[in-house]
Amino acid sequence: SLMCNSFGLAMTSKPLFSIIIPTHNRPRLLETCVRSVLAQTIPPECYEVIVVDDGSRPAAQQILEPYLDRVRVLRQRQQGWAAARRLGVEHSHSDSVVFIDDDCAAPPDWLRCYERAYKTYPDAGGVAGGLRPGPHMNVAGVKQYLGHIAYFNALNRDLETDTQEAGRAWFSFGGNRSFRREVWLSAQLGETVWYFDDYLIDLALKEKGAWVFYEPDAWVSHHYVLSLTQRILAAYRYGKSRQLMHRPVPIIDPPPALTPIEMWRRLSTEAPGS
């Protein structure tokens, strides 16, 4: 049986973390993500990895065959991120779940940072991690990255938390965050939306009085490269999801157009060491 010290508490046969990776037809990015997750510095028996395949083509499914000794794969017809994350959590075995998107990659101490944050803040319902851009970005990717940063900073402003400083937060990045399993399940509202499941869960937890600790050291790099087709499809699903929701979603004005020099300065300031 697995024997991991659960955040300084009694020994348990459960893994410390269940890592949930939703994916759809991005085999190369998925493999990079999975390999980074399997290379963590905490012992492999202390975490499980669950990939939820959201209706990928058969060719994309084959990429995980070399990793099936350590990765569990669940498959569903394409329903979007919310349904995929929920399926992963329902089949998880730990008391804390960690979500990472298939276009992200984690450094080796990623789970150590989550473990340390949970030990330091045992009353937190979850721990939110940071995002940094990967080594390559195109114009659409830069816009998406700056939009992510703007959303985080604007929505957490009342708590005096921004992307550079650890502290309490209520809105977190959907592509890199962790919750105590029962806390996350308690926030399920039943909406079926392609986007915004992360926002809806954050909002539900805020209304319940649960709180999340933001730890920027628990960062992942995000593949901010989008084709025109991907950008259009994302915009369509974004708008459709907003229409299906019963709650308002704040619209943050996008950052103004930047010159290449201004863009480089902004990225250098907001994503140190990336």
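As the structure is a prediction and not an experimental result, all values here were calculated from the model.

Conventions adopted
Residues numbered from 1 in each chain as written. Predicted model: local features only at pLDDT ≥ 70, side-chain atom pairs only at ≥ 80, totals over all residues. Heavy atoms only, no water. Helix = DSSP H or I, 4+ residues; strand = E, 2+ residues; numbered from the N terminus. Buried < 20%, exposed > 50% of the residue type's maximum accessible area, 1.4 Å probe, protein only. Contact = heavy atoms within 4.5 Å. Areas by Shrake-Rupley, 256 points an atom, 1.4 Å probe, with all protein chains shown as cover. Pairing = 2+ DSSP bridges. Phe/Tyr/Trp six-rings, centres within 6.5 Å; stacked < 30°, edge-to-face > 60°. Lys NZ or Arg CZ within 6 Å of the ring centre and 35° of its normal. Expected span 1.5 Å × (residues − 1).

### Focus on the overall build of the chain
- Helices and strands together make up the secondary structure of the chain, namely nine helices and 11 strands.
- By the burial criterion, 49% of the 274 residues in the chain qualify as buried.
- Within the chain, contacts between residues at least 6 apart in sequence are counted, and of these 75% link residues at least 24 apart.
- Of the roughly 13,500 Å² of accessible surface on the chain, a fraction of 54% belongs to carbon and sulfur atoms.

### Here's the deal with the pairing of strand E8 (residues 126–133)
- In terms of burial, E8 is largely enclosed, as eight of its eight residues are buried.
- Across three bridges, E8 lies against strand E10 (residues 176–180) in antiparallel orientation. By the bridge assignment, Val127 is partnered in E10 with Ser178.
- Pairing analysis gives seven bridges linking E8 to strand E11 (residues 212–222), with the strands arranged parallel. Looking across to E11, one finds that Ala128 is bridged to Tyr214.

### Observations regarding the packing of aromatic side chains
- Counted by the stated rule, this structure contains 11 aromatic pairs.
- Through successive ring pairs, a cluster of aromatic residues spans Tyr151, Trp170, Phe171 and Tyr199.
- The ring of Trp211 has Arg168 sitting right over it, with the charged end atom 3.9 Å from the ring centre.
- Above the plane of the ring of Trp170 lies Lys206, whose end atom (NZ or CZ) is 4.4 Å from the centre.

### A few points about helix H7 (residues 197–208)
- Taking 1.5 Å of rise per residue, 12 residues should cover 16 Å, and H7 covers 16 Å from first to last C-alpha, within 8% of that figure.
- Taken across its 12 residues, H7 has nine buried, putting it largely inside the fold.
- Of all the residues in H7, the buried ones are Asp197, Asp198, Tyr199, Leu200, Ile201, Asp202, Leu203, Ala204 and Leu205.
- Of the surrounding elements, those touching the buried residues of H7 are helix H3 (81–90), E10 and helix H6 (181–186).
- In the stretch just after H7, Gly209 is the one whose phi turns positive, near 90°.

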